[in-house]
Amino acid sequence: MSRKARNGKAYKFTKKRHSGKGVAALALSFVPLILFFYAVAYSFMEGGNAPREIGCVGPAAVLLAIGTLRMSIKEAGKENVIKKEPIAGAVMSVFMILGWGAVYVIGWIGV
């Protein structure tokens, strides 16, 4: 009878390490999400008439998301690095870029 894979011998040690910049990119990718909720909530509370400063939050968040996407891709391309954090940061950054893009498109269309 064959042994199951989880019988204590199915693991492998690796020399890969966690990427510090990858973890930082993942953490920084949540900042545009926080700014998104802040801007939407503030605009909603003002009845859609938020001040000009809130309008500046969007481009700043998009630039931050692009920066974290760049950092994530750069770190995911390195060898001997565990790629979970950089890939998660890249996915989160792409979602934030698409989310902010949708907000601007909806604003331009006037829905």
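What you are looking at is a predicted structure, and each value in this text was computed from that prediction instead of being measured.

Caption draft 1: Structural view of helix 2 (residues 31-45). Spanning 15 residues, helix 2 covers 21 Å between terminal C-alpha atoms, matching the ideal 21 Å at 1.5 Å per step. Elements in contact with the buried residues of helix 2: helix 1 (20-28), helix 3 (52-76) and helix 4 (84-109). One or two positions beyond helix 2, positive phi appears at glycine 47, with a value near 70°.

Caption draft 2: Quick peek at the packing of aromatic side chains. Summed over the entire model, instances satisfying the criterion amount to five aromatic pairs. Ring centres 5.9 Å apart and planes at 65° place the aromatic pair phenylalanine 36 and phenylalanine 37 in the edge-to-face group. Taken together, a centroid distance of 5.2 Å and an interplanar angle of 90° make the contact between phenylalanine 36 and tryptophan 100 edge-to-face. Of the two residues, phenylalanine 36 is situated in helix 2 and tryptophan 100 in helix 4; the sequence distance between them amounts to 64 residues. Here phenylalanine 36 and tryptophan 100 have matching classes, each one buried.

Caption draft 3: Focus on the packing of helix 2 against helix 3. Close contact between helix 2 and helix 3 brings their axes to 9 Å; oriented N to C, the two are set at 165°. Classified by the angle between their axes, helix 2 and helix 3 sit roughly antiparallel to one another. When the axes of helix 2 and helix 3 are compared, the crossing they make is left-handed. Of helix 3, the residues touching helix 2 (which contributes Val31, Pro32, Leu35, Tyr38, Ala39 and Tyr42) are Ile54, Val57, Ala61, Leu64 and Ala65.

What counts, and at which threshold
Residues numbered from 1 in each chain as written. Predicted model: local features only at pLDDT ≥ 70, side-chain atom pairs only at ≥ 80, totals over all residues. Heavy atoms only, no water. Helix = DSSP H or I, 4+ residues; strand = E, 2+ residues; numbered from the N terminus. Expected span 1.5 Å × (residues − 1). Contact = heavy atoms within 4.5 Å. Phe/Tyr/Trp six-rings, centres within 6.5 Å; stacked < 30°, edge-to-face > 60°. Buried < 20%, exposed > 50% of the residue type's maximum accessible area, 1.4 Å probe, protein only. Axes fitted to C-alpha atoms, helices over the stretch in contact; angles between N-to-C directions. Parallel < 35°, antiparallel > 145°, perpendicular 65-115°, else oblique. Left-handed = near helix turned anticlockwise from the far one by under 90°.

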